[in-house]
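Structural features, examined
Chain residues, written in single-letter form:
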Protein chains: 2
Amino acid sequence: MLTKMESEQRIIRLQKELKEKGLDGALFIYPIDVYYFAGTRQNSTIWIPADGNPRLFARKSYARALTESLIEDTRPFPGSKEFPALFGAEVRKIGFTFDVAPVQQYNYYSKLLPGREFADISAINRDIRSVKSEWELERMRHSGDHLCEVFRQVPEFLKAGMREIDLAAEFEYRLRKAGGEGYVRMRAFNQELFQGLAVSGATSGNPGFFDGAVTGRGLSTASPHGASTEAITANTPVLIDYTGVFNGYIVDMTRIFAIGKLAPELEHAFATSLAIQQHLVENLKPGVICEELFFKAAEMAEQAGLGQNFMGAPGENAKFVGHGVGLELDEYPVLAQGFKVPLQAGQTIAIEPKFVLPGMGVVGIENTFAVSSHGGVKITDLADEIVYL
Amino acid sequence: MLTKMESEQRIIRLQKELKEKGLDGALFIYPIDVYYFAGTRQNSTIWIPADGNPRLFARKSYARALTESLIEDTRPFPGSKEFPALFGAEVRKIGFTFDVAPVQQYNYYSKLLPGREFADISAINRDIRSVKSEWELERMRHSGDHLCEVFRQVPEFLKAGMREIDLAAEFEYRLRKAGGEGYVRMRAFNQELFQGLAVSGATSGNPGFFDGAVTGRGLSTASPHGASTEAITANTPVLIDYTGVFNGYIVDMTRIFAIGKLAPELEHAFATSLAIQQHLVENLKPGVICEELFFKAAEMAEQAGLGQNFMGAPGENAKFVGHGVGLELDEYPVLAQGFKVPLQAGQTIAIEPKFVLPGMGVVGIENTFAVSSHGGVKITDLADEIVYL
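Reading the values: rules and limits
Residues numbered from 1 in each chain as written. Chains lettered and ligands numbered in written order. Predicted model: local features only at pLDDT ≥ 70, side-chain atom pairs only at ≥ 80, totals over all residues. Heavy atoms only, no water. Helix = DSSP H or I, 4+ residues; strand = E, 2+ residues; numbered from the N terminus. Polar contact = N/O pair within 3.5 Å; in protein donor to acceptor, adjacent residues only side chain to side chain. Contact = heavy atoms within 4.5 Å. Least-squares fit on C-alpha atoms with pLDDT ≥ 70 in both. Buried area = accessible area lost by both parts, 1.4 Å probe. Salt bridge = Lys/Arg side-chain N within 4 Å of Asp/Glu carboxyl O. Domains from an automatic or database assignment. UniProt positions renumbered as here; feature names shortened; annotations may be inferred. Pairing = 2+ DSSP bridges. Right-handed = clockwise from strand over helix to strand, strands pointing away.

1. Description of the side chain of A:Thr243
Residues and elements named next belong to chain A. Note on placement: Thr243 falls in strand 8 (residues 238-246). Within the local environment of Thr243, its side chain forms a polar contact with the backbone oxygen of Gln195, the two atoms lying 2.7 Å apart. If we ignore the near neighbours within four places in the chain, the residues touching Thr243 are Leu147, Leu175, Val184, Leu193, Gln195, Ile250, Val251, Asp252 and Leu329.

Structure, rendered in structure tokens:
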């Protein structure tokens, strides 16, 4: 359960931003946004005025929202005649999340509150969310501990001849038994991820829709992502890239396993991943510019003779090397070209330098770190090395 | 893989609707919509003119879209200067899915195509999708067969003392090994489902955000849905409500299990579920009005003395008894109050009369049926009875 103090601090941070931007308040309708401020993800809408107390309007279940919500003024969703009366004439400019709110919802609320200007606060919302409190970092470590525990068990169930989907099933089974919630929420419009990827060898290098280095083949063209029915063979990299979701908080990590040996090119690429991670972790400090970390990573890949293979198959290279993670898998900040903002203490970032070697497979490392004045603090606390079986 | 003929027939049906509504074409950006028409779910946008040939613009991965897309004119996503030039002056009114397209996307495309009117075609899109071809019904039966096979295995792993989450893990493990894709896509703005629900006893009756009869407690307030860590006891109903997703096609079913015996009230409620299902199946014929099936179901519940318990805990009753299912879990039509349209042959509907008895648990039945002139044809072909262990 979210605490009252957490909820209040988040609302205060938002209110400060709203005032700075000249907004009279914000209306959040997206479930995980409502959860972030109110502690409930029941079907509800939260109104947070720039000054004063927030109100939660619960559609379903109101009874359950009452037991979960940390907002004192939690009430059933008002009728379309009562709703406007709750907003005074002083409310003129309303923040709204244009990144996730569908046009129908926008039209609905615009009609409920005529004459008001709606302004996009998607970036403000993501900025606030990106910085985790000590309470949140504790939740993230909890998720990390559980996920690492499943990674530790992989040598017990990874066998030559099993299909990628069998490996995925074994991994997910243990994650679920540990209490994994499975909901890997993503904010980007056209992205989705079912828990993670268990992929191997050449198929792991397939390009795809996913905004990451690795997509895998998947099980059909409707779900072209993650494990396929391909059998896992010896002497080829097995990449396990999974999320762990507990209390809504997501951590993200990747390890490489191999039954037998790996070709020197793959080992060289993996060593380069570790070197890049090492450099980034040392620089994961407040004030460092996000895109500069990406440029440095890309430069190190280039110097290792692997520029074309960095973060994707040649020609399909993703232009990032890390992403914020928390209640959503694709939080701010992104260590990407164009992201010219400085890191802030408490941001949690999955760093994932990876190399796709067509025909051979994918190798790389991924860990979730917290930004601190001493550099990145590892949340997914497990040895990085390739596990040879 | 979707076939070329399927894709063409879908596009022809859409074009007919576009012409009738006076639209010059439709722009689809939502992944499962693009997949429905083009056979690929790569990150892409499809333009379907009311007359003439469609075009697929692929962002990522273009290489993979080329191998999957059934649209002859599949090309990389054009630059913002080239894009407008692809749309002639005759294109004035463009259909767009306001139900799922975020405001940012709407603004982006409005700006790319200035001077055009965008019209909401959410309902048209859902109407077309609701009627399945013979090819789709075959895919649905395939999903049904796999899901039934996992349900058949439940007596092997359901034990007194295991937690709801353990039961969920066992079920999901077998579903995944069978090739289940796990992506349970939902169209409604604030809905989400992680594969299904394995819930039991009193906690299964918890109200919640989910637009269904059953929510369960879940694992946290961030994911307040489905299995909890509660232990399953003897002589209480165990409700397993799961989806099976194969080739993107979802089927939905529920069965009740009990270790030991169930109280007569629960058995009476279950028998009422079967009687309601029987009535609905006999009337699942083209031309029958959806809401009338709901009214009849509610009336039968009332006559059995269970009106308050129908489709939810007293006061939290959902006003439906069935929902369309296919590439999304919440397709058209809905057997619900206010749904005054007639059924059409080939629609696939999950019928789920359920009763929540506070303090005792939830019982009911759910099967996916195809509408036909002979009544509902069962796609989830497994015995309906309570399984006593």
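2. Brief notes about the environment of A:Glu6
Residue and element names in this part refer to chain A. With respect to the helices and strands, the residue Glu6 is situated in helix 1 (residues 4-20). Sequence separation between Glu6 and Tyr36 is 30 residues, and the spatial gap between their C-alpha atoms is 9.1 Å. Residue contacts for Glu6: discarding those within four places in its chain leaves Ser133, Trp135 and Glu136.

3. Some details on the relation of the copies chain A and chain B
Of the transformation placing chain A onto chain B, the axial shift is 0.0 Å and the rotation is 180 degrees, giving an RMSD of 0.0 Å. Given the turn and translation reported, the copies of this chain are related as if by a two-fold rotation axis. Rotation axis and chain A: the residue whose C-alpha lies nearest the axis is A:Pro102, separated from it by 1.9 Å.

4. A few points about the interface of chain A and chain B
Of the residues lining the interface, 71 residues belong to chain A; the matching set on chain B comes to 70 residues. Together chain A and chain B conceal approximately 6,200 Å² of surface at their shared face, both sides included; 53% is due to carbon and sulfur atoms. In terms of surface lost to chain B, no three residues of chain A exceed A:Arg176, A:Phe189 and A:Phe194, which account for 13% of the buried area on that side. Taken together, the connections running from chain A to chain B amount to eight salt bridges. With a closest N to O distance of 3.3 Å, B:Asp166 and A:Lys177 form a salt bridge.

5. Describing the domain arrangement of chain A
By a widely used convention, the size of an interface equals the accessible area lost when the partners come together. Residues and elements named next belong to chain A. Segmentation of chain A into domains returns domain 1 (4-129) and domain 2 (131-388). Just the C-alpha atoms count here: the centres of domain 1 and domain 2 sit 34 Å apart. With 18 residues of domain 1 at the contact, the number on the domain 2 side is 15 residues. Of the roughly 1,400 Å² buried between domain 1 and domain 2, counting both surfaces, carbon and sulfur atoms make up 45%. Taken as a group, Ile32, Arg126 and Arg129 account for 43% of the area that domain 1 buries against domain 2, more than any other trio of residues on that side. The interface formed by domain 1 and domain 2 includes five salt bridges. Salt-bridge contacts for Asp33 lead to Arg187; the nearest nitrogen and oxygen are separated by 2.9 Å. Viewed at the interface, domain 2 and domain 1 are joined by ten residue pairs in polar contact (both at pLDDT 80 or more).

6. Focus on the UniProt feature "domain: Peptidase M24" (unreviewed entry) in chain A
Here, UniProt's "domain: Peptidase M24" (unreviewed entry) annotation points to residues 138-372 of chain A. Secondary structure over residues 138-372 of chain A splits into 29% helix and 22% strand, and the C-alpha atoms at its two ends are 15 Å apart.

7. Regarding the pairing of strand 6 (residues 117-120) of chain A
Residue and element names in this part refer to chain A. As judged from the four bridges shared by strand 5 (residues 93-96) and strand 6, these two strands associate in the parallel manner. For Ile94, the partnering residue across the bridge sits in strand 6 and is Phe118. Following the backbone out of strand 5, through helix 5 (residues 103-112) and into the adjacent parallel strand 6, one traces a crossover that is right-handed.

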